[in-house]
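# Structural overview
Okay, here's what each chain looks like letter by letter:
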Amino acid sequence: MKHLLKMSDLTAKEITGILNLADQLKYDRKHGIPHTYLQGKTLGMIFQKASTRTRVSFEVGMYQLGGSALFLSSHDLQIGRGEPIEDTARVLSRYLDGIMIRTYKQQEVEDLARFGSVPVINGLTDYAHPCQVLADLMTVREHKGALEGLKFCYVGDGNNMANSLIAGCLTMGMKVSIACPKGFEPAHDVLEAAKKHGDMFHLTHNIYEAADEADVVYTDVWASMGQESEAITRRKAFKGYQVNDDLLKVAAHDVMVLHCLPAHRGEEITAEVIDEHGEIYDQAENRLHAQKAVLVTLMK
Ligand code: CP
Ligand code: NVA
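Treat the numbers as computed from the prediction; the structure is a model and nothing was measured.

### Regarding a negative patch on the surface
- Taken together, the side chains of D245, E272, D275 and E276 make up a negatively charged region of the molecular surface.
- With respect to the element layout, E276 can be found in helix α11 (residues 271-276).
- Given a relative accessible area of 48%, E276 falls into the partly exposed group.

Structure below.
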């Protein structure tokens, strides 16, 4: 594994390797066992969109591994004035040991990996959010003991989270049910790949059908970063696609509820459900441990 660009690039063996290392790093951190795997190494973090979790967890993660991280806002980089990604990739590769990028187009992340010579990590694009899904799988495994055979339900927008969850969960042998409004389905290539998994994958417009007996119910915002101007139209289109106590009645009795955060309480999820499901904050914490495992795997 050279880069982390999207979940569909990873095999079950690679995902399991990252999750096992993440569990170990989490245990070590809790028990005061330090690591210097990345001593003297620097991660550059390019952000073209806002972030709380990704920025802080990568920066702290590098620090805890003995390395350092540079926050690079696209407003201050020449990339923001149109310098080509090819040159940015070649030049940054001469200074840095790894690059994390949060941007709009998936192609930019793929190009950074293609033209640069250091590992590239996708910190979210409009198409994918693999770092989040590794932390999500870690959290599910931590709570349920194993992933294979669990029913995973996603309710809401067929966005970057849905695309990455479908790929990651199916690779790990989970059953995946997606409920989204018409016109807001996940990406075409993701659906084509998912269909090859036969009855392990199900797409519906009915949230109760998707959540029936689900072991995990997941949701995300109705308007992602960059879609703020569509928020009013989207609010109408997504009405009814909410994770609330009524929906959870049809799920398994010990259902886990996950949300990548930030959340809009009262829209895609109720405040009551967030407050009843503390695993959402384990999930946020696990971004740190899962990403440390990615950093060690790619940069050691
Ligand atoms: N879940 C997530 O990626 O959060 P941030 O946008 O705060 O990084
Ligand atoms: N779908 C959301 C995820 C945020 C972590 C967005 O792209 O804004």
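The rest of the description comes next.
### Structural notes on the pairing of strand β5 (residues 151-155)
- Burial of β5 is extensive: five of the five residues sit out of reach of the surface.
- Side chains K151, C153 and V155 of β5 all project onto a buried face; the interleaved residues F152 and Y154 project onto the opposite face, where all are buried too.
- One ladder, built from five bridges, connects β5 with strand β6 (residues 175-179); its direction is parallel. Counted as the bridge partner of V155 is A179 from β6.
- A crossover links β5 with its parallel partner β6, the connecting element being helix α6 (residues 160-171), and its sense is right-handed.
- Where β5 meets strand β8 (residues 216-219), four bridges bridge the pair, whose relative direction is parallel. Within β8, the residue paired with C153 across the bridge is V217.

### Description of the packing of helix α3 (residues 85-95) against helix α4 (residues 106-115)
- Axis separation between α3 and α4 bottoms out at 8 Å; the angle between their running directions is 50°. Relative to α4, the element α3 lies oblique. Between α3 and α4 the crossing geometry is right-handed. Taking contact as the criterion, the partners of I85, E86, A89 and R90 in α3 are, on α4, E108, D111, L112 and F115.

### Re the pattern of salt bridges
- Tallied over the entire structure, the rule returns 15 salt bridges.
- Close ionic contact of R90 with D87 constitutes a salt bridge, the shortest N to O distance being 3.6 Å. One end of the pair is R90 and the other is D87, both in helix α3 and three residues apart, which spans about a single turn.
- With a shortest N-O distance of 3.1 Å, D157 and R234 are connected by a salt bridge. Of the two residues, D157 is situated in the loop between β5 and α6 and R234 in helix α9 (residues 231-237); the sequence distance between them amounts to 77 residues. The residues D157 and R234 share a single accessibility class, namely buried.
- Through salt bridges with shared partners, one network takes in K6, D9 and E110.

### Considering the site of ligand 2
- If you check the shell around ligand 2, you find L124, H129, N159, N160, D220, V221, S224, M225 and L261 and nothing else.
- Here N159 contributes a side-chain N or O atom positioned 3.3 Å from a nitrogen atom of ligand 2.
- Within the side chain of S224, an N or O atom sits 2.7 Å from a nitrogen atom of ligand 2.
- For ligand 2, the protein covers 95% of the area, taking 270 Å² as the surface of the free molecule.
- Residues that form the shell around ligand 2 fall into these classes: four nonpolar, four polar and one charged.

### Comments concerning unusual backbone geometry
- For the bond running from L261 to P262, omega is 5°, close enough to zero to count as cis.
- In this fold, P262 is placed in the loop between β9 (256-259) and α11.
- With a phi angle near 120°, L124 is a residue other than glycine that sits in the positive phi range.
- With respect to the helices and strands, the residue L124 is situated in the loop between β4 (120-122) and α5 (130-144).
- Since its relative accessible area comes to 7%, L124 is described here as buried.
- At L261, a residue that is not glycine, the phi angle is positive and equals roughly 65°.

### Some thoughts on α5
- In this model, α5 (15 residues) spans 21 Å end to end at C-alpha, consistent with the 21 Å of a helix rising 1.5 Å per residue.
- Counting buried residues along α5, 12 of its 15 residues qualify, which places the element largely inside the surrounding structure.
- Turning to α5, its buried residues number three or more, namely P130, C131, Q132, V133, L134, A135, D136, L137, M138, T139, V140 and R141.
- Downstream of α5 by a residue or two, G145 has a phi angle that is positive, lying close to 90°.

### Looking at the UniProt feature "domain: Aspartate/ornithine carbamoyltransferase Asp/Orn-binding" (unreviewed entry) in the chain
- When the UniProt feature table is mapped to this numbering, "domain: Aspartate/ornithine carbamoyltransferase Asp/Orn-binding" (unreviewed entry) covers residues 148-297.
- This span, residues 148-297, is 41% helix and 15% strand, and a straight line between its end C-alpha atoms measures 23 Å.

What counts, and at which threshold
Counting of residues starts from 1 at the beginning of each chain's written sequence and follows it residue by residue. Following the order in which they are written, the chains are lettered starting with A and the ligands numbered starting with 1. Confidence filtering applies because this is a predicted model: local features only for residues at pLDDT of at least 70, side-chain atom pairs given and counted only at 80 or more, and all residues used for totals across whole chains, interfaces and linings. The basis for the side-chain values is all heavy atoms of the structure; hydrogens and waters are excluded. Patch rule: a residue counts if its relative accessible area is over 30% and it has no salt bridge; like charges are joined within 9 Å, and nonpolar side chains (Val, Leu, Ile, Met, Phe, Trp, Tyr) within 5 Å. Here the accessible surface of atoms and residues is derived via Shrake-Rupley with a 1.4 Å probe, and residues count as covered only by protein chains that are part of the display. Any Lys or Arg side-chain nitrogen located within 4 Å of an Asp or Glu carboxyl oxygen qualifies as a salt bridge. In summary, the charge assignment counts Lys and Arg as positive and Asp and Glu as negative, without counting His or the chain termini. A charged residue contributes its charge at one atom only: NZ of Lys, CZ of Arg, CG of Asp or CD of Glu. By the criteria applied, helices consist of DSSP H or I runs no shorter than four residues and strands consist of E runs no shorter than two, each listed in order from the N terminus. Residue burial is assigned from relative accessible area. The probe radius is 1.4 Å, only protein chains are included, and a residue is buried under 20% of its type maximum, exposed over 50%, and partly exposed in between. When DSSP finds two or more bridges between two strands, those strands count as paired. With the strands aimed away from the viewer, a crossover counts as right-handed if its path from the first strand over the helix to the second runs clockwise. Inter-axis angles, ranging from 0 to 180 degrees, are taken between N-to-C directions of lines fitted to C-alpha atoms, where helices are fitted over the stretch in contact. Roughly parallel here means an angle under 35 degrees, roughly antiparallel means over 145, roughly perpendicular means 65 to 115, and every remaining angle is called oblique. For any helix crossing, the convention is left-handed if the near helix is rotated counterclockwise from the far helix by under a right angle, and right-handed if that rotation is clockwise. Any pair of residues with heavy atoms lying within 4.5 Å of one another is described as a contacting pair. Only heavy atoms are used to decide nearness, and a residue is near a molecule or strand if one of them lies within 4 Å of it. Distance and chemistry together define a polar contact, namely a pair of N or O atoms within 3.5 Å, with one atom able to donate a hydrogen and the other to accept it when in protein, and with adjacent residues in sequence counting only for side-chain atoms on both sides. Residues are grouped as follows: Ala, Val, Leu, Ile, Met, Phe, Trp, Tyr, Cys and Pro are nonpolar; Asp, Glu, Lys and Arg are charged; all remaining types, including Gly, are polar. A helix is expected to span 1.5 Å for every residue after the first. UniProt positions are given in the numbering used here, feature names are shortened, and annotations may be inferred rather than shown by experiment.

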